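The lines below spell out each chain.
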Amino acid sequence: MKRTTLSLLAAVTALAAVTGLASLTGPADAGRTEARTPARLPVERSSLVCPAGGGSEIAETRYTSFTPEGRSGDDRVGTAELKPAGGTLERRADPGKSPAKRPPAADPADGKPVVSLKEPGTPVAVERSGDEAPPLVGTATGRLAPGWTAQQTTTVAVGTGRGVLGVSCTPPDTDLWLPGASTAKDRQDYVHLTNPDDTPAVADVELYGKGGELKTTLTEGIPVPARSSLPILLSTLTAEAAPDVTVHVSTRSGRVGAAVRATESGTGADWLTAAADPAADAVLPGIPADATSVRLVAYAPGDHDAELTVELAGPDGRIVPLGGESLHVRSGMTASLELSDVTKGEAGSLIIGPERGSRRTPVVAALRVVRGKGAQQEIAFIPATGPVGERASVADNRAKGSTLSLTAPGAAGRVRVTASAGTEGGERVVKTYEVKAGTTLAAPAPAPEGLKGSYTLTVEAESGGPVHAARTLALPQDGIAMFTVQTFQDDRGMVAVPEAEQDLSVLDD
């Protein structure tokens with residue numbers, strides 16, 4: 001017999017189409033003698049979903065699509081398109097039946113892209129009036145995939161649902177937590193489930209109040225057909241009127257995007273998006289300086305209770321809010337803490353973590369924030385969010401009313417902020433910010449020179465500790481302090497791709 005030795009050296013990458021994360025596949029790591037530094041490569045494909053906008057004949061919705069400029073010399077071809085999901089569905093009241101399709105509020109050019117992005121570095125915006133703002137699904141490829149982001153901003157001037165409703169379009173997922181929803185009589189909260197794929201998805205929706213899981217109907221095995229969106233009114237799923245509810249969306253098959261459109265009588269409306277994954281520590285950045293009411297909502301999904309400390313990171317450091325020093329969250333239950341006008345005229349961010357000596361119990365959390373008083377109030381929601389990481393972007397910033405909040409919960413951090421070119425003209429501007437340890441730095445967002453239209457903010461970590469960020473967009477109208485807050489989330493546009501080496505020995509006769 002003779003022995004033939006084959007040596008293979010390859011870097012194998014399978015990039016996930018939904019989140020832009022890389023999934024590595026390949027032969028076992030046999031024959032490897034030393035660790036190699038993984039290469040950092042841009043993702044090849046990204047997907048996003050946007051819930052249905054509009055909701056009123058007088059609504060005005062703007063979709064904005066953007067990809068940051070990549071490495072110089074990247075000449076890959078690519079596309080980035082957002083298309084109508086194919087119709088909005090209506091959940092039937094009878095168990096076991098599939099949702100019925102309503103006439104879709106689709107783009108006039110049905111099946112054609114609503115928003116198409118051709119080049120990185122410059123955002124593209126499209127506006128829709130009234131109910132002509134369908135749910136969108138989209139994919140970016142090639143050089144437009146790394147860091148692709150999209151924003152949906154709807155303005156409703158009057159009526160119960162008046163306000164500015166902003167949402168960053170999100171990648172679909174299989175497990176999502178949305179604390180801060182409600183089934184109370186003064187709220188109408190719809191959870192929108194959007195399936196971007198060509199195959200059906202099956203989702204479960206669980207609701208948790210202060211006493212634990214709410215008794216619900218028709219929440220298990222909900223079919224979401226391919227490339228469709230399903231809005232479900234939460235109060236129709238349970239007879240319990242709970243002011244603070246955590247929504248858990250998980251899938252048995254497929255993936256969905258999930259967001260809650262919350263409308264509160266007398267206080268306006270906005271989108272509530274998924275919080276960061278359960279963790280023992282959480283940062284909720286971007287509380288406006290003039291917030292008149294702030295309520296923290298938290299849920300402990302594990303088997304243990306959580307004893308949390310609550311601190312406000314302001315411009316001068318971390319303080320303990322008077323009367324809001326701690327929060328006890330029982331396992332499987334939603335707890336809330338009223339913090340009133342906690343900022344006292346200075347913008348800040350909330351930082352929660354385990355009390356000293358207590359168990360590090362994972363929680364999910366979000367804030368309900370109110371600006372204005374009386375009939376001129378408006379609400380927004382801020383979910384717990386992770387640090388910006390290598391890079392994160394939020395689109396649809398305006399010349400006036402855009403505020404950038406940067407928070408360094410631990411060590412001081414340094415970030416680079418790029419204001420892109422405008423949708424209709426302008427030159428990008430780059431600034432660097434130093435954020436002191438334990439503080440929040442809030443300032444008018446930098447804008448491109450000669451701005452025309454709207455633009456995108458991109459935040460990149462440069463040095464120091466982790467920095468969390470949020471953008472507040474204030475569009476006051478008729479004395480109402482209408483606003484929305486979007487957090488920055490690491491766009492995961494680059495992935496680590498380790499080298500794989502293998503020796504294959506084959507015996508031949």
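For the structure, check the block above.
Residues numbered from 1 in each chain as written. Predicted model: local features only at pLDDT ≥ 70, side-chain atom pairs only at ≥ 80, totals over all residues. Heavy atoms only, no water.

1. Thoughts on the pairing of strand E41 (residues 468-474)
- The element E41 is largely enclosed, with a buried count of 7 among its 7 residues.
- By the alternation rule, side chains of E41 split into His468, Ala470, Thr472 and Ala474 and Ala469, Arg471 and Leu473, which are all buried.
- Where E41 and strand E42 (residues 483-487) come together, 5 bridges link them in antiparallel fashion. Looking at E42, one finds that Ala474 is bridged to Phe483. (Buried < 20%, exposed > 50% of the residue type's maximum accessible area, 1.4 Å probe, protein only. Helix = DSSP H or I, 4+ residues; strand = E, 2+ residues; numbered from the N terminus. Pairing = 2+ DSSP bridges.)

2. Description of the packing of aromatic side chains
- Using the criterion set out here, one finds 3 aromatic pairs in the structure.
- Aromatic side chains Tyr208 and Tyr299 sit 4.8 Å apart centroid to centroid with 40° between the ring planes, which places their arrangement in the tilted category. Within this pair, whereas Tyr208 is found in strand E17 (residues 201-209), its partner Tyr299 is found in strand E25 (residues 291-299), the two being separated by 91 residues in sequence. As far as the burial class goes, Tyr208 and Tyr299 line up, both buried.
- Taken together through their ring pairs, the aromatic side chains of Trp177, Tyr208 and Tyr299 make up a single cluster.
- Here Arg371 stacks its cationic end above the ring of Phe483, 5.1 Å away from the centre of that ring. (Phe/Tyr/Trp six-rings, centres within 6.5 Å; stacked < 30°, edge-to-face > 60°. Lys NZ or Arg CZ within 6 Å of the ring centre and 35° of its normal.)

3. A closer look at the side chain of Thr458
- Topologically, Thr458 is positioned in strand E40 (residues 455-464).
- A polar atom in the side chain of Thr458 sits 2.7 Å from the side chain of Ser393.
- Setting aside anything within four residues of it in sequence, one finds Thr458 in contact with Phe66, Pro68, Arg391, Ala392, Ser393, Arg416, Val417 and Thr418. (Polar contact = N/O pair within 3.5 Å; in protein donor to acceptor, adjacent residues only side chain to side chain. Contact = heavy atoms within 4.5 Å.)

4. Looking at the sheet that holds strand E34 (residues 402-408)
- Read across the open sheet, the 4 strands follow the order E38-E34-E41-E42; overall the sheet is antiparallel. In this open sheet, the two strands that pair with only one neighbour each are strand E38 (439-444) and E42. Put simply, the sheet's adjacent strands are angled 20° from each other on average, direction ignored. (Axes fitted to C-alpha atoms, helices over the stretch in contact; angles between N-to-C directions.)

5. Here we look at the environment of Val370
- Mapped onto the secondary structure, Val370 falls in strand E31 (residues 364-371).
- Along the primary structure Val370 and Ala291 are separated by 79 residues, whereas in three dimensions their C-alpha atoms are 5.7 Å apart.

6. Description of the sheet that holds E40
- With antiparallel pairing, 4 strands are arranged side by side in an open sheet as E33-E40-E35-E37. Strand pairing shows two members of the sheet lacking a second neighbour, strand E33 (392-397) and strand E37 (429-435), which therefore form its edges. With direction set aside, neighbouring strand axes in the sheet form an average angle of 25°.
- In this sheet, E37 lies alongside strand E35 (residues 413-419) in antiparallel orientation, the contact comprising 7 bridges. Within E37, the position partnered with Val415 by the bridge is Tyr433.

7. So, the nonpolar core
- Counting 31 residues, the largest nonpolar core has Leu296, Leu350 and Leu367 as the members making the most contacts within it.
- One finds Leu178, Val260, Leu272 and Ile379 within the second-largest nonpolar core, a separate group that totals 30 residues. (Core = buried A, V, L, I, M, F, W, Y, C linked by side-chain atoms within 4.5 Å.)

8. Let's talk about the environment of Arg162
- Structurally, Arg162 is set in the loop between strand E13 (149-156) and strand E14 (163-168).
- Arg162 sits 216 residues away from Glu378 along the chain, and the two C-alpha atoms are 8.6 Å apart.
- Each residue touching Arg162, except ones within four places of it in the same chain, is listed here: Val156, Ala157, Gly266, Thr267, Gly268, Ala269, Ala375, Gln376, Gln377, Glu378 and Ile480.

9. Quick notes on the state of the cysteines
- The final tally for this structure, using the stated rule, is 1 disulfide.
- Two residues share a disulfide in this structure: Cys50 and Cys169, whose sulfurs sit 2.0 Å from each other. Around the S-S axis, the bridge from Cys50 to Cys169 shows a dihedral of about 105° and counts as right-handed. Of this pair, Cys50 sits in strand E5 (residues 45-50) while Cys169 sits in the loop between E14 and strand E15 (175-181); the two residues are 119 residues apart in sequence, bridging distant segments of the chain.
- Take Cys50: its relative accessible area is 0%, and that puts it in the buried class. (Disulfide = S-S within 2.5 Å.)

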